[in-house]
Amino acid sequence: MAKPLPVALEAGIENWTSDRCGRLAYYADTTRADTAASGTPLLLLHSINAAPSAYEMKPLFEHYRGQRPVYALELPGFGHSERRDRRYDAQLFADAISGFVDAVIGAPSDVVALSTTAEFAARASLATDQIRSLVLLSPTGLRDRDPPGPVAQRRLLRFFQLPGVGAGLYRALTVKPSVRYFLNMGFTGKAPEDLVDYAHRTTQQPGARHAPFYFLSMQLFTADAVNALYRRVSIPVLVLYDDDPNISFERLPELLDACPNWRAERIEPTLGLPHWEQPVATQAAMEAFWHDVAGG
């Protein structure tokens, strides 16, 4: 039996439930140590893989708490959120984000999204006027190749869901050495052991394999995300990118040329998690962006 999952962040953990998304856990710190600090809420969104949680956003949560209201949402199927066996798709995750901003935060917010969740955040911004800006850390959807088509995706999912097959594959992917190996791919050095420990713990929770199977079968990615999603976003967007071994950015110049509300900055040297490896440079880039968004 898996040990209960501890909290990812040293902050109050609460639940929000919607008919569409089920029960979602989130962390919040809405105290402000400096009354002159900006009151614009900040929503932090973890990535999607076999082992994500709000812990991925810990450096940013810890830095901005006390400066502004900060929230870290755990998406359906991950962390302390509901992990039932259901269909997981891009629209579900986008609905979780837009619904949370509307129902829980209830004010125009800056959103920071990591990796695949960048696509969900962009989709969410099309459904609500309560997202003021987007910061996308190493976002997917900018490579020059599309994911496999729906038929191939369904076949992959059926394979993962075969009795014994999926469970065995998931166990192989989520033993601690495997979790450490995949996290090390995102760091120029070694992944912090606390991050490895928590990532491994979250993979061992009941129902933890359901959502990752949809990710592994490529069903969470949007075909031609540049045109289908990104070019439709009208709010200010900042892309922070680097040498992520799993993500490429061939179409970023095309997007920047077509969309004046988009800007990009390369953070070096990092491999997909700039807020962990280069926190000062990452924070500086975000704060300069938010300053411009606010009309400063």
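Residues numbered from 1 in each chain as written. Predicted model: local features only at pLDDT ≥ 70, side-chain atom pairs only at ≥ 80, totals over all residues. Heavy atoms only, no water.

Enquirer: Would you mind showing me how to read the packing of aromatic side chains here?
Expert: Each pair of aromatic rings is reported with the distance of its centres and the angle of its planes. Counted according to the given criterion, the structure contains 19 aromatic pairs. Between Tyr64 and Trp290, the ring centres sit 5.6 Å apart and the planes meet at 75°, which makes this aromatic pair edge-to-face. One end of the pair, Tyr64, is in helix α1 (residues 58-64); the other, Trp290, is in helix α12 (residues 279-293), with 226 residues separating them in the sequence. Among the aromatic residues, ring-to-ring pairing joins Phe78, Tyr88, Phe93, Phe120 and Tyr214 into one connected group. Positioned above the aromatic ring of Trp290, the side-chain terminus of Arg68 is 4.6 Å from the ring centre. (Phe/Tyr/Trp six-rings, centres within 6.5 Å; stacked < 30°, edge-to-face > 60°. Helix = DSSP H or I, 4+ residues; strand = E, 2+ residues; numbered from the N terminus. Lys NZ or Arg CZ within 6 Å of the ring centre and 35° of its normal.)

Enquirer: Sorry if this is basic, but what is going on with helix α2 (residues 90-105) here?
Expert: Each full turn of the α-helix corresponds to 3.6 residues, which orients residues three or four apart in the same direction. Given a rise of 1.5 Å per residue, 16 residues ought to cover 22 Å, and the 22 Å separating the end C-alpha atoms of α2 matches this to within 8%. Every buried residue belonging to α2 is among Ala90, Leu92, Phe93, Ala94, Ala96, Ile97, Ser98, Gly99, Phe100, Val101 and Ile105, and all of these are buried. Count one or two residues on from α2 and you reach Gly106, which has phi positive near 70°. (Expected span 1.5 Å × (residues − 1). Buried < 20%, exposed > 50% of the residue type's maximum accessible area, 1.4 Å probe, protein only.)

Enquirer: Just to check I follow, could you spell out the sheet that holds strand β8 (residues 262-266) for this structure?
Expert: In a beta sheet, neighbouring strands pair by backbone hydrogen bonds and run either parallel or antiparallel. Reading across from one edge, β1-β2-β4-β3-β5-β6-β7-β8 is the order of the eight strands in this open sheet, with mixed pairing throughout. Sheet topology places β1 (12-18) and β8 at the edges, where each strand pairs with a single neighbour. Taken pair by pair, the neighbouring strands of this sheet meet at an average axis angle of 25°, ignoring direction. Each of β3 (42-45), β5 (109-114) and β6 (131-137) touches helix α3 (residues 117-125); the most contacted strand, β6, lies at about 165° to it. (Pairing = 2+ DSSP bridges. Axes fitted to C-alpha atoms, helices over the stretch in contact; angles between N-to-C directions. Contact = heavy atoms within 4.5 Å.)

Enquirer: What am I meant to see in the pairing of strand β2 (residues 22-29) here?
Expert: Two faces, one strand: in a regular strand the side chains alternate between the faces of the sheet. Counting buried residues along β2, seven of its eight residues qualify, which places the element largely inside the surrounding structure. Sheet analysis places β1 next to β2, joined by seven bridges and oriented antiparallel. Residue pairing across strands places Glu14 opposite Tyr26, the latter belonging to β2. Here β1 folds back onto β2 in antiparallel fashion, the turn holding three residues. For β2 and strand β4 (residues 70-73), the ladder comprises four bridges, and the chain directions are antiparallel. Counted as the bridge partner of Tyr27 is Ala72 from β4.

Enquirer: Would you mind showing me how to read the packing of helix α6 (residues 176-184) against helix α7 (residues 193-203) here?
Expert: Two quantities define a packed helix pair, namely the angle between the axes and the distance from one axis to the other. Two elements in contact, α6 and α7, have axes separated by 9 Å at closest approach and are oriented at 130°. Classified by the angle between their axes, α6 and α7 sit oblique to one another. Like other packed secondary-structure pairs, α6 and α7 cross with a definite hand, here right-handed. Together, Lys176, Val179, Arg180 and Leu183 of α6 and Glu193, Leu195, Val196, Asp197, Ala199 and His200 of α7 make up the contact between the two elements. The residue makeup of the contact of α6 with α7, split by class, is five nonpolar, one polar and four charged. (Parallel < 35°, antiparallel > 145°, perpendicular 65-115°, else oblique. Left-handed = near helix turned anticlockwise from the far one by under 90°. Nonpolar A, V, L, I, M, F, W, Y, C, P; charged D, E, K, R; others polar.)

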